[in-house]
Amino acid sequence: MSTESDNGAANASQTVTDRDREFLRRCVGLADEALAAGDEPFGSLLVDEGGTVRFHDRNRVKDGDATRHPEFEIARWAAEHLSPRERRTSVVYTSGEHCPMCSAAHAWVGLGRIVYASSAEQLVAWRRSWGFDAGPVAALPIRTVAPGIPVAGPDPSLAEEVRALHARMLGVTLDG
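This one's a predicted model, so the numbers in the text were calculated from it and none came from an experiment. (Residues numbered from 1 in each chain as written. Predicted model: local features only at pLDDT ≥ 70, side-chain atom pairs only at ≥ 80, totals over all residues. Heavy atoms only, no water.)

Caption draft 1: Examining the overall build of the protein chain more closely. Along the protein chain, the regular secondary structure elements total eight helices and five strands. Helices and strands appear in the protein chain in the N-to-C order α-α-β-β-α-α-β-α-β-α-α-β-α. In terms of overall dimensions, the protein chain is globule-like: its C-alpha atoms have a radius of gyration of 16 Å, near the 16 Å expected for 176 residues. Residues classed as buried in the protein chain amount to 44% of the 176 residues present. Look at the contacts in the protein chain between residues 6 or more apart in sequence, and 64% of them connect residues 24 or more apart. Within the structure as shown, the protein chain displays about 9000 Å² of accessible surface, and the carbon and sulfur contribution to it stands at 51%. In the protein chain, which carries 19 positive and 25 negative side-chain charges, the distance between the mean positions of the two groups comes to 2 Å. (Helix = DSSP H or I, 4+ residues; strand = E, 2+ residues; numbered from the N terminus. Rg over C-alpha atoms; globule rule 2.2 N^0.38 Å. Buried < 20%, exposed > 50% of the residue type's maximum accessible area, 1.4 Å probe, protein only. Contact = heavy atoms within 4.5 Å. Areas by Shrake-Rupley, 256 points an atom, 1.4 Å probe, with all protein chains shown as cover. Lys, Arg positive; Asp, Glu negative; His and termini not counted. Charge placed at Lys NZ, Arg CZ, Asp CG, Glu CD.)

Here it is in structure tokens:
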């Protein structure tokens, strides 16, 4: 049975804070770096409980391995380099909400909170509005795939930057 303080902690974990936003900005920068390298624009950070970035990566799927998502790489790295406690107390920041594969890897490895700049629902809506399909895998929310993980996002100001990166990747001109 949850208490009011438990509910307060859960609600707090769902809020993107100013500190979170600083890390998310770095993720959007990694997404931009991925796009500049000819890849899909996604970037992620693993931050320990002290606020130190322990690992970062960007999408690397352009060469044909569609599992080379930065969130999946974080899960692999964390499983090899961090204790279960360190994994549990870490935060994964990412430019886009985890796909089902990455959500599952995150849960299986036992990582902590996830904070994202743009949601899978937003990405699907953007792609469809531009005349593109949603992608080969259902865009399930993290909470559906890994319901025990605290999640925060999207962040409206950064979601627009992520939207612009995806538009650029697809050759879409945005209004305004």
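Caption draft 2: How the structure looks around the sheet that holds strand E3 (residues 91–96). Strand order in this open sheet of five strands is E2-E1-E3-E4-E5, and the pairing throughout is mixed. The strands lining the two open edges of the sheet, one partner per strand, are strand E2 (53–58) and strand E5 (151–152). The pairing of strand E1 (residues 43–47) with E3 spans four bridges and is classified as antiparallel. Bridging across to E3, serine 44 finds its partner in threonine 94. (Pairing = 2+ DSSP bridges.)

Caption draft 3: Summary view of helix H8 (residues 156–170). Given a rise of 1.5 Å per residue, 15 residues ought to cover 21 Å, and the 21 Å separating the end C-alpha atoms of H8 matches this to within 8%. Leu158, Ala159, Val162, Leu165, His166 and Ala167 are the residues of H8 that are buried. Those residues of H8 that are buried lie in contact with helix H2 (18–36), E3, strand E4 (113–118) and helix H6 (120–129). Glycine 171 sits one or two residues past H8 and shows a positive phi near 75 degrees. (Expected span 1.5 Å × (residues − 1).)

Caption draft 4: Representation of unusual backbone geometry within the structure. The omega angle of the peptide bond from glycine 153 to proline 154 is -5 degrees, so this bond is cis rather than trans. Tracing the chain through its elements places proline 154 in the loop between E5 and H8.

Caption draft 5: Structural context of the pairing of E1. Counting buried residues in E1 gives five out of five residues, a clear majority hidden from the surface. Going residue by residue along E1, you find Gly43, Leu45 and Val47 tucked away on one face and Ser44 and Leu46 tucked away on the opposite face as well. Two successive antiparallel strands, E1 and E2, enclose a turn made up of five residues, where glycine 51 displays a positive phi of approximately 90 degrees.

Caption draft 6: Inspection of the pattern of salt bridges at higher detail. For the coordinates displayed, the defined rule picks out 14 salt bridges. One salt bridge connects arginine 113 with aspartate 20, and the closest N-O pair in it is separated by 2.8 Å. Of the two residues, arginine 113 sits in strand E4 while aspartate 20 sits in helix H2, which places them 93 residues apart along the sequence. Through salt bridges with shared partners, a single network forms among Asp18, Arg21 and Asp155. (Salt bridge = Lys/Arg side-chain N within 4 Å of Asp/Glu carboxyl O.)

Caption draft 7: Highlighting the environment of leucine 111. Position of leucine 111 relative to the elements: it lies in the loop between helix H5 (100–109) and E4. Owing to a relative accessible area of 7%, leucine 111 belongs among the buried residues under this scheme. The spatial distance from the C-alpha of leucine 111 to the C-alpha of serine 90 is 6.4 Å, given a sequence separation of 21 residues. In contact with leucine 111, other than residues within four places in its own chain, are Leu46, Ile74, Ala75, Ala78, Arg87, Arg88, Ser90, Val92 and His106.

Caption draft 8: Molecular detail of H2. For H2, with 19 residues, the first-to-last C-alpha span of 27 Å sits near the 27 Å given by 1.5 Å per residue. All of the buried residues in H2 are Asp20, Arg21, Phe23, Leu24, Cys27, Val28, Leu30, Ala31, Ala34 and Leu35. One side of H2 holds all its buried residues, which, seen down the axis, span an arc of 165 degrees. Facing away from the buried surface of H2 by more than 90 degrees, the exposed residues are Asp18, Glu22 and Ala36. Check the buried side of H2 and you find it contacts E1, E2, E3, E4 and H8. Just beyond H2, the residue with positive phi is glycine 38, at close to 85 degrees. (Arc of directions from axis to C-beta.)

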